[in-house]
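# Structure at a glance
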Amino acid sequence: MKPLLLFALTAFTVIFLVCFPFDENPKQENVSGAGLSLDHWFASRSYPDKTISTEKYRIAFDQKKALQQTKNGPGFDEWEAMGPKNIGGRTLRIAFNPQNPNTIYAGTASGGLWRSYTAGAGINAWERVATGFPVLGVPAIIISPLDSNIMYIGTGEVYNSSISAPGIANRITRGTYGTGILKTTDGGVTWSKVLDWEYADMTGVQNMAMNPLDENTIYAATTEGLFRSYDAGENWSLIHSVPMAVDIDINPVDTNLVFVTNGSYNEPTSGTYRSVNGGQSFSLMNLPTGYTGKTLIAISPSAPSIMYASVANAFNSLGLYQSVDSGASWSLVNIEDVAKWQGWYSHDIAVSPILPSVIIFVGIDVWKSTNGGSSLNKKTSWQNWYFGQVPVGGPEGPGDYAHADIHFVAYHPTEPNTVFLGTDGGVFVSFDNGENWEGRNGGFQCTQFYANFANSDTDSLLAIGGMQDNSTAIYTGDDAWTRVIGGDGMSSAINQDDNMVMYGSYQNLGLLRSDNGGLSFSGASPSGAFDELRNFSSPYEIAPSNQDILYAGAQRLYKTENRGESWEPTSIGFVDNGNPILTIAVAFDDPDVLYVGTSDRNGFPPEVYKSEDGGETFIWQWQLPDRYPLDIAFDPLDNQIAYVVFGGFGVDHVWKTINGGQTWNGIGSGLPDIPTNTVVVDPLIPNHVYVGNDHGVYLSRDAGATWELYSDGLPDATLVMHLSISASNQKLRVATHGNGIYQTPLAEEALTSFEEVERTEVVSLSHNFPNPVDTETNISFSLNQSASLKLSLFDISGRNIRTIASGDYARGEHLVKADLSDLAQGAYVYRIEGLTDLGVFSVSKVLVKN
C-alpha cells in the first residue's frame, strides 16, 4: 500500500472536513439519488421504446451461451475478483436457513444471490450462488422450514408497473432485469424456473411468502399482481390482479388471513388488502390509498393480531399505522418521516419475536419503538460512516452507523435480540435489539460501479472508481479499498504524468480533484455547467496527449487546460439542441480531435458529434442508430478509426469508422442484441477490441470482423459498465454494476499470416536486460528464418516513441543495444514487427525505466 494512503487512514477524517469546500456527502433531502440512478439505467436501455423486454434479455443470454470460447493462452484465464471486499452494495432481501440460522442468504439489486455460512461475519464471509440463469436483482427469497435444500428466489427489481414512457420524472420505474421465480431442491447447486417470465416485458417478483402450515402453498407479490401456487411452484394462478404487489404477509396462526400491499412509485392503484379466505378474495383495509410510494406491513410473531404498516408517498412518509385486530381496523400511531425522499424505494418494519410493542422501523435510518410506535427513537445516522479505509469484515462506522436506504429488516429466527438489515451499503446487524449496529460485508462484492473506472498506467496497484450510493473508492492492491468523496460515486480519472493528481465525481458533474494521491479533494467542476441540464452520470475525460487538458459535458462541452482550475465552454451554443452530453472520447495524439454522444433529455433524439477543433464546431454523425451512445473509443494509433457502442435493443450495438466519421458501419454481427455499455481498444494490439454489455465481455481479434466470448469466470450475467486496461501489468479490468471489479490478462497477440503459423516458429523475443533500465538496455531476439523487421518503443498508452532498429535480419540470434537515458521514469513497451515469406508478425514485451 502507498505510504500516503497509509497516512490517510488515520488523518483522513480530519483533513477531509477541513479541505472540502463542498458537501462531502451530497445526499440531499427531497432529491432521490436512487431515483436518478434508476432513471439513468432505464433510459439507456429502454430508449426509444417505453419498456425493456425480458424476452430480448433472455434471447441475448442464449446468444451469449452459444458463442464458443476457445481457451488457448493468456487472456483466457478466468477473471479474478479485485473487490472491494470491504464495501457492500445494494441489498434487497435477507433470508435465514431454518435449520441453521448462521447460514444466511442475501438478494442483491444487480449482483445476484449470495450466501454466508457465518451470518456474514469474517473477512471471507460471502460467496455468490450461481444459478445458471441471467439473475441480477433478487428482491425475494423463501426457504422451506422442513427442508432447507428447498428454496425459491424472485427476480427483477421494479418500482412501477405502468409508467415507463421516456421522461426524467418517470424513468425511475425499473431497476434490473428479472426472469421470474427460480427454485432449487439441492441447496442451490442446481436451479429450475418455476414462474417463467422470460417472454414478458420487464417484470419483477418483489416478495414471496410460504404458508407456515403448508410449505407447498406459496404466494408471490409481483408487478402483475399476487400469484399463488398450491403445488410448490409447479403451477401458478393470479388471485389478485391489482398490479404492482409489493409486500405479502400471512398470519402464522390463521393462514386464511393473507395481506398484500400494492403501490410504489406513482402507481395509480395503490392500497393495502386483506383476505380472510386464504386468498380467494381480497378487500381494501382502512389504510390510506392513492399514495405515491409504497406500503410495507409486519405481523407480530408473538401476538399475530397486532400488525404494523409503514405507508409512504414517493418523497415522504404518511405515517406508521397499527392494528390490534388482525387488520380489521387501523389507527395512525406516528407521523415521523422515516422514509423521507425514498418512500417509493426503501423502508420496512420488523416486530420483536417476543414483545409485540417493540419494533424496528427503517427508512433512511433506523428507528426503534418500545411502545407500539407511539414514540420513536432514532438509532442510526447514515452520515457517520468511516471515510478512508476500513478493514475487510471490520467496523464501517461507530455503533450508531448503518448505511442509508434500508430496504429490509428482520429479526433473527432464534436470537430475539439480533436484527439484520439489507441496505444500499450491504448487510448490517445489531445484537442488542437495535441499539448498536455493525457491518457484515466481508467479501460481499456486490457494489454497483459506474463508468469510468481509472487505472494508473505505471502502477498496477493504483486505481479509482465510483459506486452507487457508496462514494468513490481507491484501490491500492488489496481487498480493502479506501473510500473518498461521498454520495453516488461517478466517473474517475488519473493523471498519467503525475499519479498524485486524480479525479472523482458525484452525480450531476460534481467533479473533484486531488493533488495528493487521494488524501484530500477540492472542487473542480466547470461552474457554468451548473446552469445547464446535466446527465445523472455526467462525463469528463483527460486528453491522452496532454494530461493538463480535460473536457466535461453538460449541454455544452467545457474545456480546461490547467487540470480544472478554470474552465471555458468550447462553443457559445449547445452541442445538440440542448440534449446533455453523455459520453466523450478524445484522440490519443491530438487533444482537439474528439467525439461526444448525447442523451435525449431535452426532447430530441440522442446523437453523436465529432469536433476537430477542440469543440468549437461539431459535425453530426448522422449514420448512427437512434439509441443512446454509451461509450466511444479511438484507435490509439490512428485517430481516423473509432468505435461507438449503443444501448437499447433491436440495433447493431457496435459501430466503426475508418475515415474519421465520414462513414460508419455496424460491426456487431454475432454479438447478443442487448445494451452495450463500453468499448476499449488494446493500445499495443489495436486489432483487439473489447466490448462489455449487460451480460458480459466480448473480444474481437480482427478490429470488429468477428467476436468471441471473453467472460470465463464472471457471474452468469454481469452488468458490465466499463472496460479499462491496466497497462503496467497488461490486464483488462471490468467495472460491473453489481459485482465490483474483476481483472484478467489481455488476450495474447495472434500472428497474422497466410498459414496461421505459431509466432514461436518465426521469432522469439527475450526480456530486456537489465530491467529496470537506468540508461542502456539490451534487447535480444532470435529468428527461425530471415526477416525484414522493425524494433519500436511505445509508451504504455500505445504512442510510438521511437524506432530502435530496423532492417533485414538473417536467421539466428540478434542483440540490440538501446540508449534510453533520455526517457522519463515509467513503463514502456518494445515491439518487433516483421515480415517473412510466411506472413507478418509482431510481438511485444514491457520494460521499466528508473
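Basis of the calculations
- Residues numbered from 1 in each chain as written.
- Predicted model: local features only at pLDDT ≥ 70, side-chain atom pairs only at ≥ 80, totals over all residues.
- Heavy atoms only, no water.
- Helix = DSSP H or I, 4+ residues; strand = E, 2+ residues; numbered from the N terminus.
- Buried < 20%, exposed > 50% of the residue type's maximum accessible area, 1.4 Å probe, protein only.
- pLDDT = per-residue confidence, 0-100.
- Contact = heavy atoms within 4.5 Å.
- Pairing = 2+ DSSP bridges.
- Axes fitted to C-alpha atoms, helices over the stretch in contact; angles between N-to-C directions.
- Core = buried A, V, L, I, M, F, W, Y, C linked by side-chain atoms within 4.5 Å.

Geometrically, the link from glycine 83 to proline 84 is a cis peptide bond, its omega value of 0 degrees lying close to zero. Its place among the elements puts proline 84 in the loop between β1 (80–83) and β2 (91–96). Residue proline 770 follows phenylalanine 769 across a cis peptide bond; omega there is -5 degrees. Positionally, proline 770 belongs in the loop between β60 (763–765) and β61 (776–783). The phi dihedral of aspartate 405 falls on the positive side, at around 60 degrees, and the residue is not glycine. Along the chain, aspartate 405 turns up in the loop between β28 (388–389) and β29 (406–411). With relative accessibility at 1%, the residue aspartate 405 sits in the buried group. In this structure, aspartate 469 takes a positive phi of about 55 degrees despite not being glycine.

Moving on: the confidence of the model for the protein. Confidence along the protein averages 88 in pLDDT terms, with 89% of residues attaining 70 or more. For the stretch residues 1–29, pLDDT sits under 50, and the model shows 65 contacts to residues farther than four places along the chain or on other chains. Below pLDDT 50 for its whole length, residues 163–174 participates in 49 contacts with residues either more than four positions away or in separate chains.

All right, on to the sheet that holds strand β11 (residues 192–196) then. Pairing within the open sheet is antiparallel, and its 4 strands lie in the order β6-β7-β10-β11. Each edge of the open sheet is held by one strand with a lone partner, namely β6 (140–143) and β11. Averaged over all pairs of adjacent strands, the angle between strand axes in this sheet comes to 20 degrees, irrespective of strand direction. Across 4 bridges, strand β10 (residues 180–184) lies against β11 in antiparallel orientation. Each bridged residue has a counterpart across the sheet, and for glycine 180 the counterpart in β11 is aspartate 196.

This paragraph deals with the sheet that holds strand β33 (residues 454–455). The strand order across the open sheet built from 5 strands is β28-β36-β35-β34-β33, with neighbouring strands paired in antiparallel fashion. Looking at strand neighbours, the two that pair on one side only are β28 and β33, the edges of this open sheet.

Structurally, tyrosine 809 is set in strand β63 (residues 800–809). Separated by 19 residues in the primary sequence, tyrosine 809 and lysine 790 have C-alpha atoms spaced 9.9 Å apart. Beyond its immediate chain neighbours, meaning those up to four positions away, tyrosine 809 contacts Phe781, Leu783, Ser786, Ala787, Leu789 and His814.

Here we come to the environment of alanine 703. Considering the arrangement of structural elements, one finds alanine 703 in the loop between β55 (697–700) and β56 (708–709). The sequence separation of alanine 703 and tyrosine 690 amounts to 13 residues, and the corresponding C-alpha distance is 9.4 Å.

One finds Phe781, Leu783 and Ile832 to be the most contacted residues of the largest nonpolar core, which totals 23 residues. Among the elements of the structure, β60, β61, β62 (787–795), β63, β64 (812–819), β65 (826–836) and β66 (839–849) are those that each provide at least two residues to this core. Looking at this core element by element, the count peaks at 4 residues for β62. If near-sequence neighbours (up to four positions away) are discounted, leucine 783 is found in contact with Val762, Val763, Leu789, Tyr809, Ala810, Arg811, Gly812, His814 and Phe841.

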